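So the chains spell out like this:
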Amino acid sequence: MSPEAHSAPRSLAEALRARDDSSLAALLRSRPDLITPVPTDLTQLATRAGTRASVLRALERLDRFALQTAEALAVAPDPASYDTLLGLMSGDAGDETVAGALPRAVGTLREQALVWGDDDRLRLVRTARELLAPSPQHPSPTGLGPTVQEATSGMSPGRIQEIVTAAGLPSTHDSVSAVAALTALFTHRKKMAKLLAGAPEAAREVLSRLVWGPPYGQVTAEPAAHLRWLLDRGLLLPTTPGTVVLPREVALHLRGGRAHRTPEPLPPAVAPAAAHGAQVVDATAAGQAFTALATVEELLKEWHEGGPPVLRAGGLSVRDLKRTAVALDVSEPVAAFWTELAYAAGLVASDGEADERYAATPAYDEWLELPPAERWARLAQAWLTATRTAGLVGGRDAKDRTLSALGPGLDRSAAPEVRHRVLSLLAALPQGAAPDTESLLARLRWERPLRGARRDGEDDLRSRLARWTLSEAELLGVTGRGALSAHGRALLGAPAAGPSPATAPGPSPATAPGPSSATARGAGAAGAPAGSAASSAADSGPGDKLPVHHHRPPARLTPLPAAEQAVATAAAARLLAPLLPEPLDHVLLQADLTAVAPGPLRRPLADTLGVLADVESKGGATVYRFTPASVRRALDAGRTAADLHAFLAEHSRTPVPQPLAYLIDDVARRHGRLRVGAASAYVRCDDDTLLNEILADRRAAALRLRRLAPTVLAAQSDPAALLEGLRAMGYAPAAESAEGDVLVTRAHAHRTPPRTAPEPVPDGPPPPDATLLGAAIRAIRAGDMAATTPRKPVGEHAGEPPAVGELPRTSSAETLATMQAAVLTGDSLWIGYVNAEGAASQRVIAPIRVEGGFVTAYDHTADEVRTFPLHRITGVAELADD
């Protein structure tokens, strides 16, 4: 046997053992579920990498061409050579684009431990083959059926010999050789062409209908002549009564050797739909960012004194969502987005009281004190990383219950990844370009075909998330006119401008590698399109470690780690700050009892004006309307007429109009003449004529007033209802305390106890950082060393080789004697050790001294000097001499 053959890995564990640390790190980074918890050795890592759940997760994260490559390997012989795989992917005629992209796909599958072995013996892991190989219950995406050997497994030997004879082959002595001969015929291009040349036209038409799948068809008990011709020659083979199948070898011949009808080696390009100037995009996005801040503030002002009640099942009722939409002057889906955004940012939560309501959190007051750009950055980061999905509001869950805003069931773990990826694709377009939505969705489906499969003609979840991302990014001001803004690009951590090579339409085709170009194949010579893991382990010579060639994608497929995202968010805030309008300290008063704010107002001015006047319209300039009710509201809040005149004179760039001054004086003159207090309730006034007027008014009948004294009326309703009733009649009563003082009514700010923002629901274990990866790889290497180090037989099995993974078992006396001898000779030993928690492990140690019931030794598995209690050592064995 040649050294090359001898060094070929015989299992996935051996293939992993041949990898270097950077290649193992790439595997654990691309499949983080393998590191939770950290495997004890490489054998356990290989076992975990072959479990169904882990393989399914890995397959879901493959791009379309890598998945097509895995599907081709699932229908190829096991093992298959690289040339066989290339033939299945490019066909007999060949395809330079496919040949150029195939090394990258094979490298991706190798890196993720879905494929192992050298180029002449590529093996798909067993679980992946079971998932992707064709079966009657689970047809293969290739449309291929079973092989001749699989389809004839239950057929009688006599019938097999009849098929061989009808196909023009000599009869054989057994079924195995007969099936082999039939398979050889079907895989021989010239002989198959000659056989099919004699087929009836109707028979060739049947084959053409089955060739691209599904490969199964129905036949009657007495098939037609053209079907009988196909059945007699094994071109169709029976599976169950009334069902026939097209053998895989026949289908591949008819397809010209291709496993897939349409290989897709290159990702579809994201086409720009419109182009705008960079300054226009940034200005538009900044204006929308300012609107977003104003909308969130307006939402929380609506809930200032306590928001809508929390449903028993959680969330907002449909009625409350409609009220919120009317208050914000937006549609209900947009209102759901703003409420969910405030919730994700930790600005709103339930108060936890007996009659539970939504209210602003203390974090909202802190948020209000931040500069506008930083407030926006906090909202944008919360949106980018949140798994709660506002677009689902109004839909139905699995139990046909309505999904409500702020309620349960809105988390979708794929949302952050899709948002980040959509923005990354926008960042790859020329600056100022807005994408064509359909081309963007096609790109996303290419990058995650298993997660982006269409069902029943409707968009899949990822496509819907992408559409929602585009609209939400525009609402939030991350994009402007559909194009990514400069601060949106910074939020993503993308380069300042210009398209990214890795997110361009695809990799440049490379020349198909020849039989000796193993390194190019493993390294991904064709480049790596975005959406795929591009680093892989290359094939190598015997005994060499498998090198890994990493392609650094400028635009990440997955969201940034928390620390990097914080840096990117701060950079976005710095870029946005100069684009936001400066708050103004003045308004323009007009004679029609309105005030125009030509821009955003400083907070004290905006708060006071919001009490003194009602907002009539919003937009680039906000219009406020002064009414008797709004002026009375300011007087109720403790302001005097003189205060209001001074306030307006200070903050108006125009003289205070006479109608407005008269309005303030008139309301102030009448304000408080009537006093409402609590007995049950009463009204008192020094002017008994005014009280007579009220008693004579029919509208006062509901208040059930009666005179107690010339200046006092009693009511059978509470003071609040009495105040509202009199105000509805056009009066301006004032509430008074038990001491007779006028009560100043200010809005009571209702706040929840301190609340944390909702935690995103992760899509599996988070990617490990460099520190965890380094520690995990050291632990796996050390455990593997302990498990695979050759050792001498011990104890009663001294004549037998020790079983792999079995702890050594020796008596206490033998353990102590062996340890003392190793101290003198300096030899290393293999021990079994049980820690205080009862967990057993294998270790390779070099004893330094033995005393007091303890052995101090250098632990090769932990790479440190440690002390072990002798009573916890199950046994000891010397390492083999070789």
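Numbering of residues starts from 1 in each chain and follows the order in which that chain's sequence is written. Side-chain atom pairs in this predicted model are given and counted only at pLDDT of 80 or more, local residue features only at pLDDT of at least 70, and totals for whole chains, interfaces and linings cover all residues. Computation of side-chain values covers all heavy atoms of the structure but excludes hydrogens and water.

**Student:** Looking at this structure, how should I read helix α21 (residues 372-385)?
**Tutor:** Along an α-helix, a turn takes 3.6 residues, which lines up residues three or four apart on a common side. Given a rise of 1.5 Å per residue, 14 residues ought to cover 20 Å, and the 20 Å separating the end C-alpha atoms of α21 matches this to within 8%. Among all positions of α21, only Ala 373, Arg 375, Trp 376, Ala 377, Leu 379, Ala 380, Ala 382, Trp 383 and Leu 384 are buried. Each helix corresponds to a stretch of at least 4 residues labelled H or I by DSSP, and each strand to a stretch of at least 2 residues labelled E; elements are numbered beginning at the N terminus. Every helix has an expected span of 1.5 Å times one less than the residues it contains. Type-normalised accessible area, obtained with a 1.4 Å probe on protein chains alone, sets the label of each residue: buried when under 20%, exposed when over 50%, and partly exposed for intermediate values.

**Student:** Can you walk me through the confidence of the model for the chain in this structure?
**Tutor:** Detail in the predicted coordinates should be disregarded across regions flagged by low pLDDT. Chain-level pLDDT for the chain is 82 on average; 86% of the residues reach the 70-or-more range. How sure the predictor is of each residue is captured by pLDDT, a score from 0 to 100. Residues count as neighbours in contact if any of their non-hydrogen atoms are within 4.5 Å of one another. Across residues 498-555, confidence stays below pLDDT 50; counting only partners more than four residues off in sequence or on other chains, it has 152 contacts. In the model, residues 795-802 has pLDDT below 50 throughout and makes five contacts with residues more than four positions away in sequence or in other chains.

**Student:** Help me understand helix α33 (residues 719-728) in this model?
**Tutor:** Listing the buried residues of α33 in full gives Leu 722, Leu 723, Gly 725, Leu 726 and Arg 727. Two residues or fewer after α33 comes Gly 730, characterised by a positive phi angle close to 100°.

**Student:** What am I meant to see in the pattern of salt bridges here?
**Tutor:** A side chain with one charge can pair with a side chain of the opposite charge if their charged atoms come near. We define a salt bridge as a contact between a side-chain nitrogen of Lys or Arg and a carboxyl oxygen of Asp or Glu at a distance within 4 Å. By the definition in use, this model includes 33 salt bridges. For Asp 119, the salt bridge goes to Arg 110, with nearest N and O atoms at 2.8 Å. Arg 110 shares its class with Asp 119; the two are buried. The closest approach of N and O atoms between Glu 297 and Arg 375, which form a salt bridge, is 2.6 Å. Of the two residues, Glu 297 is situated in helix α17 (residues 278-302) and Arg 375 in helix α21; the sequence distance between them amounts to 78 residues. Residue classification places Glu 297 among the buried residues on the basis of a relative accessible area of 13%. Through salt bridges with shared partners, a single ionic network connects Arg 61, Glu 417, Arg 448 and Arg 462.

**Student:** Looking at this model, I keep getting lost on the packing of aromatic side chains. Mind explaining?
**Tutor:** Two descriptors summarise a pair of aromatic rings, namely the distance from one centre to the other and the angle between the planes of the rings. For Phe, Tyr and Trp, rings pair up if their centres lie within 6.5 Å, where Trp contributes its six-membered ring, and each pair is then called stacked (planes under 30 degrees apart), edge-to-face (over 60) or tilted (otherwise). A full pass over the atoms with the stated rule returns four aromatic pairs. Judged by centre distance (5.2 Å) and plane angle (80°), the ring pair of Tyr 833 and Phe 868 falls under edge-to-face. Here Tyr 833 is found in strand β23 (residues 829-834), whereas its partner Phe 868 is found in strand β26 (residues 864-869), with 35 residues between them in sequence. Phe 868 carries the same exposure label as Tyr 833, and that label is buried. Each ring is checked for a lysine NZ or an arginine CZ that lies within 6 Å of its centre and within 35 degrees of its normal; such an atom marks a charge sitting over the ring. Above the ring of Trp 367, the side-chain terminus of Arg 375 is found at 5.4 Å from the ring centroid.

**Student:** Before we go on, may I ask you to explain the packing of α17 against α21 in this structure?
**Tutor:** When two helices pack together, their arrangement is given by the angle between the helix axes and by the axis-to-axis distance. For helices, the fitted axis covers only the stretch in contact; all axes are lines through C-alpha atoms, and the angles between them, taken along N-to-C directions, range from 0 to 180 degrees. One can describe the packing of α17 onto α21 by two numbers: an axis separation of 10 Å at closest approach and a directional angle of 80°. Considering their axes alone, α17 and α21 lie roughly perpendicular with respect to each other. Contacts between α17 and α21 pair Ala 289, Leu 293, Val 296 and Glu 297 from the former with Pro 372, Arg 375, Trp 376 and Leu 379 from the latter. Of the residues assigned to the contact of α17 with α21, the class counts are six nonpolar, no polar and two charged. Note on angle classes: values under 35 degrees are labelled roughly parallel, values over 145 roughly antiparallel, values of 65 to 115 roughly perpendicular, and the remainder oblique. Classes in brief: Ala, Val, Leu, Ile, Met, Phe, Trp, Tyr, Cys and Pro nonpolar; Asp, Glu, Lys and Arg charged; the others, Gly included, polar.

**Student:** Just to check I follow, could you spell out the sheet that holds strand β25 (residues 854-859) for this structure?
**Tutor:** Strand pairing within a sheet occurs via backbone hydrogen bonds; the two strands may be parallel or antiparallel. Two strands make a pair as long as DSSP finds a minimum of two bridges between them. Strand order in the open sheet formed by five strands is β26-β25-β24-β23-β27, with antiparallel pairing between adjacent strands. Two strands close off the open sheet at either side, each with one partner strand: β26 and β27 (873-878). The mean inter-strand angle of the sheet, taken between neighbouring strand axes irrespective of direction, is 45°. Sheet analysis places strand β24 (residues 840-851) next to β25, joined by six bridges and oriented antiparallel. Bridged to Glu 851 within β25 is Phe 854. The strands that helix α35 (residues 812-825) touches are β23, β24, β25 and β27; relative to β24, the one it contacts most, it runs at about 60°.

**Student:** For this particular structure, what's the right way to read unusual backbone geometry?
**Tutor:** Across the chain, the bulk of peptide bonds are trans and the bulk of non-glycine residues have phi less than zero. Along the chain, Thr 36 connects to Pro 37 via a cis peptide bond; the corresponding omega equals -10°. Cis peptide bonds are those with omega within 30 degrees of zero, and the linkage from Gly 213 to Pro 214 qualifies with -5°. With respect to the helices, strands and loops of the structure, Pro 214 is situated in the loop between α14 (201-210) and β3 (216-218). For Leu 593, which is not glycine, the phi torsion reads 65° and is therefore positive. Within the secondary structure, Leu 593 sits in the loop between β14 (588-590) and β15 (594-597).

**Student:** Help me out: how do you make sense of the nonpolar core in this one?
**Tutor:** Grouped burial of nonpolar side chains is what soluble globular proteins tend to show. Among the nonpolar cores identified, the biggest contains 90 residues, and Phe 186, Leu 235 and Leu 236 are the most heavily contacted of them. Broken down by element, this core gets its largest block of residues, eight residues, from helix α6 (residues 64-75). The contacts of Phe 186, once residues within four sequence positions are left out, are Val 148, Met 192, Leu 195, Arg 233, Gly 234, Leu 235, Glu 249, Val 250 and His 253. The set of buried Ala, Val, Leu, Ile, Met, Phe, Trp, Tyr and Cys residues whose side-chain atoms join them within 4.5 Å is what this entry labels a nonpolar core. Core analysis: the next-biggest nonpolar cluster, separate from the first, contains 73 residues, Leu 300, Ala 335, Val 418 and Val 478 among them.

**Student:** How should empty space enclosed by the protein be read in this particular structure?
**Tutor:** Gaps left between atoms show up when a probe the size of a water molecule is rolled over them. Both cavities and pockets are sets of points on a 1 Å grid over the protein atoms alone; in a cavity a 1.4 Å probe fits but cannot get out, in a pocket the set is open with protein on both sides within 12 Å along at least five of seven lines, and lining residues sit with an atom within 4 Å of a point. Grid points are joined across faces, edges and corners, and a volume is the space filled by probe spheres set on the points. All chains considered together, the criterion is met by three cavities of 30 Å³ or more. In terms of lining, the largest cavity is formed by Phe 337, Glu 340, Leu 341, Ala 344, Ala 382, Trp 383, Ala 386, Arg 388, Ala 390, Arg 419 and Glu 472. Of all the secondary structure elements, the ones that give two or more residues to the lining of the largest cavity are α19 (332-344) and α21. Examining the composition of the lining of the largest cavity, we find that four residues originate from one element, α19, more than from any other. Taken together, the residues of the lining of the largest cavity break down into seven nonpolar, no polar and four charged.

**Student:** Explain the environment of Ser 140 to me, please; I cannot follow it from the model alone.
**Tutor:** Position of Ser 140 relative to the elements: it lies in the loop between α9 (126-132) and α10 (148-151). When the C-alpha atoms of Ser 140 and Pro 214 are compared, they prove to be 8.8 Å apart, with 74 residues separating the residues in sequence. With near-sequence residues (within four places) excluded, Ser 140 lies in contact with Val 75, Leu 132, Ala 133 and Pro 134. Counting of polar contacts relies on pairs of N or O atoms within 3.5 Å, with two restrictions inside protein: one atom must be capable of donating a hydrogen and the other of accepting it, and residues adjacent in sequence are counted only when both atoms are side-chain atoms. Polar side-chain contacts of Ser 140 include one of 2.7 Å to the side chain of Thr 142.

**Student:** Can you walk me through the sheet that holds β3 in this structure?
**Tutor:** Spatially, β3-β5-β4 is the arrangement adopted by the three strands of the open sheet, whose pairing is antiparallel. Taken across any chain shown, the strands that pair with only one partner, and hence form the sheet edges, are β3 and β4 (237-240). Between one strand and the next, the sheet's axes are offset by a mean angle of 40°, whatever the strand orientation. Note: β3 against strand β5 (residues 243-245), three bridges, orientation antiparallel. Paired with Gly 217 across the two strands is Val 244, which belongs to β5.

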